[in-house]
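Report on the structure
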Amino acid sequence: MIPCKISGNVHLVLWSRLRHGAGQGHMNENFMKMKRTALWIAVISCIMTMISCGTGKKALTSADIDGQWTITEAMGQAVTGNEGNVPSLNFNVAEKSVSGTTGCNSFMGGFTLGENNEVSFSPLAATKMMCRDMKAEMLIFQAAEAARTARKDNEDLVFCSEDGNVVLRMTR
């Protein structure tokens, strides 16, 4: 103990610091709290990535994908059509083909559904009309290039990028 007259609270603080090595105990406690917090953040991030797209989901069948789908979101943004034309995709898994409209131009190309819900589009061929709003078209083609996996989200069909982000959302 320190041999001088000190008020009770200060005396306890000084005694505690001497006992723990002049503040090292407090630093170790804070360091351990930070390590635990970082570990929890890492665990939660992994779980969210697994839930968002891919692992742990049941395998999709051609029946889950085949047919006409209305595109509601591409690259994280809501999409709408031009002048009443609704963006849509029509999948034919057996023929490995896809066709549709961006709300402006029509397009067609190849599409495959592989193991573990892996998806890929071949380069899409499209008409070249100019429309008032071409943003939806750009987003839809970017999403087709980025799509790597598929899953059902309730009644929606969702395509995700390699890093698990939703790039295309469709509904019937």
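Above: the structure in question.
Residues numbered from 1 in each chain as written. Predicted model: local features only at pLDDT ≥ 70, side-chain atom pairs only at ≥ 80, totals over all residues. Heavy atoms only, no water.

On to the pairing of strand β5 (residues 106-113), then. Both strand β4 (residues 97-101) and β5 contribute to a ladder of 5 bridges, which runs antiparallel. Paired with S99 across the strands is M108, a residue of β5. Here β4 folds back onto β5 in antiparallel fashion, the turn holding 4 residues, of which G103 has a positive phi close to 95°. Bridge count between β5 and strand β7 (residues 125-126): 2 bridges; the pairing is antiparallel. The residue of β7 that forms the bridge with F107 is A126. (Pairing = 2+ DSSP bridges. Helix = DSSP H or I, 4+ residues; strand = E, 2+ residues; numbered from the N terminus.)

Counting 26 residues, the largest nonpolar core has F91, F111, F159, L168 and M170 as its most contacted members. Put simply, the parts of the chain that give this core at least two residues each are β1 (67-74), β3 (88-92), β5, β6 (119-121), α4 (135-146), β9 (156-160) and β10 (166-171). Element by element, the count of residues in this core is highest for α4, at 5 residues. (Core = buried A, V, L, I, M, F, W, Y, C linked by side-chain atoms within 4.5 Å. Buried < 20%, exposed > 50% of the residue type's maximum accessible area, 1.4 Å probe, protein only.)

A separate point is a nonpolar patch on the surface. A contiguous nonpolar surface patch, about 320 Å² in accessible area, is contributed by F31, M32 and M34. One can find M34 in helix α2 (residues 24-52). Owing to a relative accessible area of 56%, M34 belongs among the exposed residues under this scheme. (Patch = residues over 30% accessible without salt bridge, like charges linked within 9 Å, V, L, I, M, F, W, Y side chains within 5 Å. Areas by Shrake-Rupley, 256 points an atom, 1.4 Å probe, with all protein chains shown as cover. Salt bridge = Lys/Arg side-chain N within 4 Å of Asp/Glu carboxyl O.)

Here is the key point about a regular strand: its side chains alternate between the two faces of the sheet. One ladder, built from 4 bridges, connects β1 with β3; its direction is antiparallel. Within the sheet, the bridge partner assigned to Q68 lies in β3 and is N90. Between β3 and the antiparallel strand that follows it, β4, lie 4 residues; K96 among them carries a positive phi value of about 55°.

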